[in-house]
Structures are given as C-alpha cells and as structure tokens.
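Each chain, letter by letter, is given below.
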Amino acid sequence: MGISHYIKDIGRGKDGARALSREQSADLMGQVLDGAVSDLELGGFCLAMRIKGETPEEMAGFLDATHARLNRVPGNGRPVVVLPSYNGARKLPLLTPLLALLLARRGAAVLVHGTATEDKRVAAEAVFGALGVAPAGRVAAIAPGECAFVPTAVLLPGLKRLLDVRRAVGLRNPGHSLVKLMNPVDGPALIVGSYTHPEYALSMAATFALTGAHALLLRGTEGEPVADPRRQPRIEAFRDGQRIERIAAQDGPLAQLPDLPAIDAASTARYIRAVLDGHAPLPAPIARQADCILAEVNAHETQPA
C-alpha cells in the first residue's frame, strides 16, 4: 500500500501538517517496521515527523505496531525493570549499567536494551562488555536477581533500521522516542523513561498516561535512564493513567561533587566495580532512584488481582 499518503498529511510543515489517528499511525509504523517502504519513503517519514513532532495519539499508534512485532522477553509474574539505553555518554560517564547491576543485586529482574545511535558516544554495550556482560543473542526470561543486555536488533530488526536513519540524515526520528516508551516484556514491566529536553517530558508523560503504562520518568544523565550523580532529578511515577511525583528535584547548590571517572568504557567499568564492591561511594541520586524503582516493583506485587 505504501505510506506516501501519510507523508502527504504529515509533511506539510509545522503549521500545515495534519496529525494521524492512532490507527493510521499503527498502520504507518507497521509498514516501516516490516521493511515494506522504500529508503526514500522512510527518509521522508522521518524528516516530516521531525518537523511536525509526534502527538500522544500518534506515539500510541507507533507503540501498538511495535508491541505487535517485538520479540518479547518472557515475563515471570514479577515486574521486570526496563532500562532503555540509547543516548550513551558524551560528557559524563555512562552509569546505566551501574543502576542495572545494583537493582539486580537487590533482587530485581533487569532488562537493558539499546544500540549505539552515534559513533562519538560511549554506548551501554561497550560498558557492559568491559564489565564482562555479553549482549544477548536471543530473547530469554530474566530471573529475579539477573540483568540482561539485549540489543535492539534482537528485539526487532526493523526498529534498528529506523534508528539507523539518524546516521544518514543526522536528526532524531520517532524511533528515538519509541524505544524509551515501549515495553519489550511479555508480562508486567516497569519502564524507566528518560528525556533530555522539557518538551519530551511533556510528550512522554502524555503517552505514558494515554497508554496506561507502569513507568517512571526523569530527566536522566544525557538522556540515559539513570539519575545524574551530581544532582537529584525529579522522578514521577505513572500507573493506569495516574501520575504521581515520587522524588522532588534537588534545589540549591551541591554540597560536594562526586568523584566520577572518565567517560571511556574501561574507566567507567572500573568505577562501577568499585562502587558495587563498596570501595567507592554510591552517588546519592542513584541510590534514591534505585530505592524508588524497587518501591514501584514491590507496590505492583501488593496490588489486588
């Protein structure tokens, strides 16, 4: 069928573009993920959406199509903590693996999924590799107390293709928001969403509320789903369309800056090992975030059936 008629609607510029319905968005994204569109159509879709911006209804439709095609990780009855890692490290060390391993040590089942979207940033896969954690070659159940890193291509090759458009055109597209909102688990999950700019906080919150997701949302470290070790960010919880502040943002100057490593994978891995072994202090914002995540997981388990 093609997606040119959708591009015609969304590609009329910021003021002239028409938003798609949830059903239309699901059809469009389904064709993109199935590889049923040409490279020219794919590029046109990405650029048109970059100019127009996604509505919550459109993002919900994109999620519908994605969830219908994902190779989902089997659930285990207890919520799996989902950490989408796509931004990587540019100025600060990538501490998403620290949060993941800390949560696993405290009994959570943790899924980190991601892929490198920019060559100049340090990606989660590199840090996990330096820690001796190999990327999964297939989806498999994650037991409580375990952490797995699953590359995006294993979850859905078509989604990896969509993310790779950034390397050709230099701009983000709906896929970069999609991966931070989706649930790759066939069962209960707690999605830890993160954003870099305030406008994405608004759109992600609206999408979580519309889809009834169980999620936490924070301004992460350079867009990663881990609290900035230098200052406590605000953390909000979403469940069944309800939105609640769990941790308030820190105001005022810092009393003391934490001693952080260089951003390369080897230095970051050594720092993470030192923290986990008790030889270096765990940054307080990350400790609070971990407590918040575990409280949400435990709250789910105490809800009536």
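About the cut-offs
- Residues numbered from 1 in each chain as written.
- Predicted model: local features only at pLDDT ≥ 70, side-chain atom pairs only at ≥ 80, totals over all residues.
- Heavy atoms only, no water.
- Helix = DSSP H or I, 4+ residues; strand = E, 2+ residues; numbered from the N terminus.
- Expected span 1.5 Å × (residues − 1).
- Contact = heavy atoms within 4.5 Å.
- Core = buried A, V, L, I, M, F, W, Y, C linked by side-chain atoms within 4.5 Å.
- Buried < 20%, exposed > 50% of the residue type's maximum accessible area, 1.4 Å probe, protein only.
- Phe/Tyr/Trp six-rings, centres within 6.5 Å; stacked < 30°, edge-to-face > 60°.
- Pairing = 2+ DSSP bridges.
- Axes fitted to C-alpha atoms, helices over the stretch in contact; angles between N-to-C directions.
- Right-handed = clockwise from strand over helix to strand, strands pointing away.
- Arc of directions from axis to C-beta.
- Salt bridge = Lys/Arg side-chain N within 4 Å of Asp/Glu carboxyl O.
- Parallel < 35°, antiparallel > 145°, perpendicular 65-115°, else oblique.
- Patch = residues over 30% accessible without salt bridge, like charges linked within 9 Å, V, L, I, M, F, W, Y side chains within 5 Å.
- Areas by Shrake-Rupley, 256 points an atom, 1.4 Å probe, with all protein chains shown as cover.

1. Topic: helix α4 (residues 39–52)
- Relative to the 20 Å expected for 14 residues at 1.5 Å per residue, α4 spans 20 Å between its end C-alpha atoms, a close match to the ideal helical length.
- If you follow the buried residues of α4, they end up packed against α1 (4–10), α3 (22–33), α5 (56–69), α9 (157–169) and α10 (174–178).
- Directly after α4, the chain includes glycine 53, whose backbone phi takes a positive value near 85 degrees.

2. Focus on the nonpolar core
- Residues Met29, Val32, Phe45 and Phe208 are the most contacted members of the largest nonpolar core, which totals 53 residues.
- Apart from residues lying up to four places away in sequence, phenylalanine 208 is in contact with Lys180, Leu181, Ile191, Gly193, Ala213, Ala215, Leu216, Leu217 and Phe238.
- Of all hydrophobic cores here, the second largest spans 43 residues; its members include Cys147, Ile247, Tyr271 and Ala290.

3. Description of the packing of aromatic side chains
- Taken as a whole and judged by the stated rule, the model has three aromatic pairs.
- Here phenylalanine 45 and phenylalanine 62 contribute two aromatic rings whose centre-to-centre distance is 6.0 Å and whose plane-to-plane angle is 90 degrees, an arrangement assigned as edge-to-face. Of this pair, phenylalanine 45 sits in helix α4 while phenylalanine 62 sits in helix α5, and the two are 17 residues apart along the sequence. Phenylalanine 62 matches phenylalanine 45 in its accessibility class, with the two residues each being buried.

4. Considerations on the sheet that holds strand β8 (residues 235–239)
- Taken in spatial order, the seven strands make up an open sheet running β4-β3-β2-β6-β7-β8-β9, and their pairing is mixed. Edge strands, defined here as strands with exactly one partner in the open sheet, are β4 (147–151) and β9 (242–247). Taken over all neighbouring pairs, the strand axes of this sheet differ in orientation by 25 degrees on average, direction set aside.
- Of the pairings in the sheet, the one linking strand β7 (residues 215–219) to β8 comprises four bridges and is antiparallel in character. Pairing of alanine 215 across the sheet is with phenylalanine 238, part of β8.

5. Notes on the pairing of strand β6 (residues 189–195)
- Burial analysis of β6 places seven of its seven residues in the buried class, the great majority of the element.
- Where burial is concerned, the two faces of β6 agree: the one with Ala189, Ile191, Gly193 and Tyr195 and the one with Leu190, Val192 and Ser194 are both buried.
- Inspection of the sheet shows strand β2 (residues 80–85) paired to β6 by three bridges, in the parallel sense. Bridged to valine 82 within β6 is isoleucine 191.
- Alignment of β6 against β7, held across five bridges, turns out to be parallel. Along β7, the bridge assignment pairs tyrosine 195 with arginine 219.
- Since β6 and β7 lie parallel, the crossover through helix α11 (residues 198–211) that links them has a hand, and here it is right-handed.

6. Topic: α11
- For α11, which comprises 14 residues, the first-to-last C-alpha distance of 20 Å matches the rise-based estimate of 20 Å (1.5 Å per residue) to within 8%.
- Those residues of α11 lying buried are Tyr200, Ala201, Met204, Ala205, Thr207 and Phe208. Buried residues of α11 fall within an arc of 165 degrees about the axis and therefore sit on the same side.
- Of the surrounding secondary structure, the elements contacted by the buried residues of α11 are α4, α5, β6, β7, β8 and β9.
- Among the residues trailing α11, glycine 212 stands out with phi positive, at a value near 70 degrees.

7. Comments concerning the pattern of salt bridges
- The final tally for this structure, using the stated rule, is 18 salt bridges.
- Two residues, arginine 106 and aspartate 291, come together in a salt bridge whose shortest N-O distance is 2.8 Å. Note that arginine 106 is positioned in the loop between α6 (96–105) and β3 (110–114) and aspartate 291 in helix α13 (residues 284–301), a separation of 185 residues in sequence.
- The class for arginine 106 is partly exposed, based on a relative accessible area of 45%.
- Between arginine 166 and glutamate 118 there is a salt bridge, with its nearest N and O atoms 3.1 Å apart. Taken as a pair, arginine 166 in helix α9 and glutamate 118 in the loop between β3 and α7 (124–130) lie far apart in primary sequence, 48 residues in all.

8. Let's talk about the packing of α4 against α9
- The contact between α4 and α9 brings their axes to 11 Å, and the two run at 80 degrees. Accordingly, the angle class assigned to the pair α4 and α9 is roughly perpendicular. Residues Asp39, Leu42, Phe45, Cys46 and Leu47 of α4 form the contact with α9, whose participating residues are Arg161, Leu162, Val165 and Val169.

9. Considerations on the environment of aspartate 186
- With respect to the element layout, aspartate 186 can be found in strand β5 (residues 185–186).
- In this structure aspartate 186 comes out as exposed when scored by relative accessible area, which is 54%.
- Put simply, aspartate 186 and proline 229 are 43 residues apart on the chain and 32 Å apart in space, counted from C-alpha to C-alpha.

10. Describing a nonpolar patch on the surface
- Residues Leu47, Val169 and Leu171 make up a contiguous nonpolar surface patch of about 210 Å² in total accessible area.
- With respect to the helices and strands, leucine 171 occurs in the loop between α9 and α10.

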